[in-house]
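Structural characterization, general
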Amino acid sequence: MTTLQQRIAADSRYLLLSFPTVLVTFPLVVAGVSAGLGAAVAFVGLPVLAATAGLARNVADVERASLPGVLGHPVARPRYREAPVWAGWFRRMMNPLASGQAIMDLLHVIIAFPIAVAGFVVAAVWWVGTLAGLTFPLYGWIIAGIPGAVETGLPDLLGFGASPALFVVWNTVIGLLFAITLAPVLRGTALVKASLAELMLTRPALARPAAAPHIVDQRIPA
């Protein structure tokens, strides 16, 4: 049984580590597709498209490897067509474009970019709010001692007064709210991103073949 701490860790890792990945791969894929399609008429862009498809496939493999930890069940990798044994160098170079899944891999990099950025922002905000709020009693009194900090704080703006104690308690309660909602917010955000990846990058797992019936030879021995 997965514990709450393990679930929070898995969802946080999935959301936070996706951001640097898409930050690098998204511009490369967009530039590769644009350059490849623009020069495809002269056949110069075809190797660029093939290389971009190969990059998208590697990104898809990384995404597929992280999905079971988020979704809670294994996922199946689509079948990619391999180059024939007799294929020459050009056929092998263009092989990443031979599979229909290549289009889905490329589209996923593009479509998942804003979702990955939004997921990273949500995870970062909730973690910062949780950690900063729960530890606010340790350093909040120092902030409250800064001239004007309490007077411009949210409690005073809402009409609750400019008490340093209220200032510290208020921010601590906000951090507690972040902590209480941390697990469901991370879970929902991670499932949105993982569900899109499962839809575009995986195939339903093949059902187990039925066991062959046991055939009993009923012939009477001679």
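Per chain, the residues get numbers from 1 upward, laid out in the order the sequence is written. The model is predicted, so local features are restricted to residues of pLDDT at least 70 and side-chain atom pairs to those at 80 or more, both for listing and for counting; the totals for chains, interfaces and linings are taken over all residues. Only heavy atoms go into the side-chain values, all of them from the structure, while hydrogens and water stay out.

Numbering of helices and strands starts at the N terminus; helices are DSSP runs of H or I of at least 4 residues and strands are runs of E of at least 2. Tallying secondary structure elements over the protein chain gives seven helices and zero strands in all. Written out in order from the N terminus, the α and β elements of the protein chain read α-α-α-α-α-α-α. In this scheme, a residue with accessible area under 20% of its type's maximum is buried, one over 50% is exposed, and one in between is partly exposed, where area comes from a 1.4 Å probe on protein chains only. Here the protein chain, with 222 residues, has 32% of them falling under the buried criterion. Here a residue-residue contact requires only that any non-hydrogen atoms of the pair lie within 4.5 Å. Residue pairs at least 24 apart in sequence account for 70% of intrachain contacts in the protein chain once pairs closer than 6 positions are excluded.

The quantity called pLDDT is the predictor's confidence in a given residue, expressed from 0 to 100. On average, residues of the protein chain carry a pLDDT of 83, and 80% of them reach 70 or more. Across the protein chain, element-level confidence peaks in helix 4 (residues 101-134) with a mean pLDDT of 95 and bottoms out in helix 6 (residues 154-157) with 63. A low-confidence stretch, residues 206-222 stays under pLDDT 50, and its non-local contacts, those more than four residues away or across chains, total zero contacts.

Only protein atoms enter the 1 Å grid used here, on which a cavity is any set of points holding a 1.4 Å probe that cannot leave and a pocket is any open set flanked by protein within 12 Å on both sides along at least five of seven lines; residues with an atom within 4 Å of a point are listed as lining. Grid points are joined across faces, edges and corners, and a volume is the space filled by probe spheres set on the points. For the largest pocket, the calculated volume is near 320 Å³. Taken together, the elements giving at least two residues each to the lining of the largest pocket come down to helix 1 (4-38), helix 2 (45-71) and helix 4. The biggest single contributor to the lining of the largest pocket is helix 1, with eight residues.

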